[in-house]
Amino acid sequence: MNALFTQVFISALLFGAITAAVPLLLAGLGEQMSEKSGVLNIGIEGMMISGAYGGFLGAYYGSSLWLGFLTGGFAGMAVACVMVLLCVRLGLNQIVIGIGITLACEGLTALLHHFQFSRTYPRLEAADVTVIPLLSDIPVLGPALFKHHLIVYLAVAMVFVMSYIYRHTQLGLNLQAAGDKPAALDVAGVDVVRTRTLAVMTTGFMAGLGGAYLANIGAGIFVPYITNGAGFLGIVLAMLARGRPIWVLIGALLFGVCLSLTTAMQVAGINMPTDVIQMLPFLAVMTMLMIFGRRASLPAALGLPYQRGVR
């Protein structure tokens, strides 16, 4: 009986960790690209919640989760356009604009949800899962790690795709130069503004995709402020990863474990105040910042607007 109890607890913990980690992973990977190009995208929380609302609407009215992911990604990208216009094109303060974007998106999505659904909270049907043969049969680990929606495996694959882009492509070099020495990139004939625009738009799409996953797969419902700070956790992940996507994945899994402890402890019958458990991800963030924050490697021009010919 004790062995069965332990297996149930571990299985629930790991499954919940994967579910909670995917939005953080997508947001962290997107933020990492933006930061590499020199744009500190504080508005990623707003992009995530916009993606959550847009993704829920797409899935709810289109009866397709994939349509929901697409609309969620484009909703996040639409918000990213505001960041591009005000920060990349006009050179306004990235932190102030990012905070404004987040507050505006949180309020707007809450207002639209209330206007559209009043006090009702419609739910989506359970998502289909993709079972990986053989691996899914492994006791305890199999059901927890290898029975998820296909988007989970695609998110993990993005880690290796982005690692390849950063290390082995001209685009990766351009992004690195845009964040470290934008003037040198400009002299080499590459448009810095266009490079940063591409990075921020990609960030918006991935953040929106993470928000859509949170609403459509993680919760199956949209409620105002559903992201609950996930975008800010993505920023921390990107900063601590030192430009390595694999470290974003590891950090997302760590925070995912902290976030899933509430459900896992309920399954195990452990009586502990929910508020205490919900503090764990943020305690983990502060701990990681104290341990690794001083050694975090950030681009030299991060947060600085670039105007051609101005020094």
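Structure shown above.
Numbering of residues starts from 1 in each chain and follows the order in which that chain's sequence is written. This being a predicted model, a pLDDT of at least 70 is required before a residue's local features are given, and a value of 80 or more before pairs of side-chain atoms are given or counted; all residues contribute to the totals for chains, interfaces and linings. The side-chain quantities take in all heavy atoms of the structure and omit both hydrogens and water.

Visitor: What is the right way to look at the overall build of the protein in this model?
Guide: The helix count covers DSSP runs of H or I at least four residues long, the strand count covers runs of E at least two residues long, and both are numbered beginning at the N terminus. Looking only at helices and strands, one finds 13 helices and two strands in the protein. Atoms counted for the radius of gyration: C-alpha only. Globule rule: 2.2 Å times the number of residues to the power 0.38. A globule of 311 residues ought to have a C-alpha radius of gyration of about 19 Å, and the protein, at 20 Å, matches this closely. Categorising residues by exposure relies on relative accessible area from a 1.4 Å probe, with only protein chains included: less than 20% of the type maximum marks a residue as buried, more than 50% marks it as exposed, and the intermediate range marks it as partly exposed. Looking at the protein residue by residue over its 311 residues, the buried ones come to 50%. By sequence separation, contacts in the protein at least 24 residues apart represent 78% of the contacts at least 6 residues apart. Each accessible area is a Shrake-Rupley estimate made with a 1.4 Å probe; only the visible protein chains count as cover when residues are assessed. Carbon together with sulfur atoms contributes 68% to the accessible area of the protein, which is approximately 15,200 Å² in total. Positive charges come from Lys and Arg, negative ones from Asp and Glu, while His and the chain ends are left out of the count. Each charge is placed at NZ for Lys, CZ for Arg, CG for Asp and CD for Glu. In the protein, 15 side chains carry a positive charge and 11 a negative one; their mean positions are 11 Å apart. Residue contacts follow a heavy-atom distance rule, with two residues in contact if any of their heavy atoms lie within 4.5 Å.

Visitor: Which parts of the structure should I look at to understand helix α9 (residues 192-219)?
Guide: An α-helical turn contains 3.6 residues, so any two residues separated by three or four positions project in the same direction. Take the number of residues in a helix, subtract one, and multiply by 1.5 Å to get its expected span. The end-to-end C-alpha distance of α9 is 39 Å, a good match for the 40 Å that 28 residues give at a rise of 1.5 Å each. The term bend refers to the angle at a residue between two fitted axes, each drawn through seven residues, those ending there and those starting there. Its maximal kink placed at Y213, α9 deviates by approximately 30°. With 20 of 28 residues buried, α9 is to be regarded as a mostly interior element. Here a polar contact means two N or O atoms within 3.5 Å. Within protein one must be a hydrogen donor candidate and the other an acceptor candidate, and residues neighboring in sequence count only if both atoms are side-chain atoms. With a side-chain oxygen lying 3.0 Å from the backbone nitrogen of V193, the N-terminal cap of α9 falls on D191.

Visitor: Honestly, the environment of I49 in this entry has me stumped. Any pointers?
Guide: Mapped onto the elements of the fold, I49 is located in helix α2 (residues 44-62). Among the residues examined, I49 registers a relative accessible area of 0% and is labelled buried. On a C-alpha basis, the gap between I49 and S64 in space is 19 Å, while along the polypeptide they are 15 residues apart. Not counting residues up to four positions away in its chain, the partners in contact with I49 are C105, E106, T109, F222, Y225, I226 and T227.

Visitor: Is there a simple way to think about the nonpolar core in this case?
Guide: Nonpolar side chains tend toward joint burial in soluble globular proteins. L25 and M83 are the most contacted members of the largest nonpolar core, which totals 69 residues. Here this core takes 10 residues from α9, the largest share from any one element. Ignoring any residue separated from it by four or fewer positions in sequence, one finds L25 in contact with A155, V156, V159, V248, L249 and A252. Among buried residues, those of type Ala, Val, Leu, Ile, Met, Phe, Trp, Tyr and Cys that are joined through side-chain atoms within 4.5 Å constitute a nonpolar core.

Visitor: Please clarify how helix α7 (residues 170-180) should be interpreted in this entry.
Guide: Where α7 is concerned, the buried positions are G172, N174, L175, A178 and G179. Looking down the long axis of α7, one finds its buried residues gathered within 160° of arc, a one-sided arrangement. Among the exposed residues of α7, those oriented more than 90 degrees off its buried face are Q170 and L173. This arc is taken over the directions from the axis of the helix to the C-beta atoms.

Visitor: Help me understand the packing of aromatic side chains in this model?
Guide: To describe a pair of aromatic rings, one takes the distance between the centres and the angle between the planes. In this scheme Phe, Tyr and Trp rings, the latter by its six-membered ring, pair at centre separations within 6.5 Å, and the angle between planes marks the pair as stacked below 30 degrees, edge-to-face above 60, and tilted otherwise. One pass over the structure, following the stated rule, counts seven aromatic pairs. Centre to centre, the rings of W66 and F69 are 5.6 Å apart; their planes meet at 75°, and the pair counts as edge-to-face. Taken together, the residues W66 and F69, both in helix α3 (residues 65-89) and three residues apart, mark about one turn of the helix. Taken together, the ring pairs in this structure connect F56, Y60, Y61 and F117 into an aromatic cluster. Above the ring of Y166, the side-chain terminus of K36 is found at 4.7 Å from the ring centroid. Here, over-ring charges are defined by two tests on the NZ atom of lysine or the CZ atom of arginine: distance to the ring centre within 6 Å, and angle to the ring normal within 35 degrees.

Visitor: What am I meant to see in the side chain of E35 here?
Guide: Mapped onto the elements, E35 comes out in helix α1 (residues 2-36). Although buried, E35 forms no salt bridge, and the nearest oppositely charged side chain, K36, lies 9.5 Å from it. Each residue touching E35, except ones within four places of it in the same chain, is listed here: L40, I235, A238, M239, L298, P299 and L302. The working definition used for a salt bridge is a side-chain nitrogen of Lys or Arg within 4 Å of a carboxyl oxygen of Asp or Glu.

Visitor: It is not clear to me how the environment of R167 should be interpreted in this structure. Could you clarify?
Guide: With respect to the helices, strands and loops of the structure, R167 is situated in helix α6 (residues 150-168). When its relative accessible area of 63% is taken as the criterion, R167 is described as exposed. Between the alpha carbons of R167 and L40 there is a distance of 21 Å; along the sequence they are 127 residues apart.

Visitor: Even after reading the chapter, I still don't get the state of the cysteines, so can you show me in this structure?
Guide: Covalently bonding the sulfur atom of one cysteine to the sulfur atom of another cysteine gives a disulfide. When two cysteine sulfur atoms are found within 2.5 Å, that pair is recorded as a disulfide. By the definition in use, this model includes zero disulfides. The closest cysteine sulfur to the non-disulfide-bonded C81 is located on C105, 12 Å from its own sulfur. Note on C81: relative accessible area 37%, which makes it partly exposed.

Visitor: Explanation requested: a nonpolar patch on the surface in the structure shown.
Guide: A patch is a set of surface residues, each over 30% in relative accessible area and not in a salt bridge, joined within 9 Å for like charges and within 5 Å for the nonpolar side chains Val, Leu, Ile, Met, Phe, Trp and Tyr. Residues V276, M279, L283, M286, M290 and I291 make up a contiguous nonpolar surface patch of roughly 580 Å² in combined accessible area. Tracing the backbone shows M290 in helix α13 (residues 280-292).

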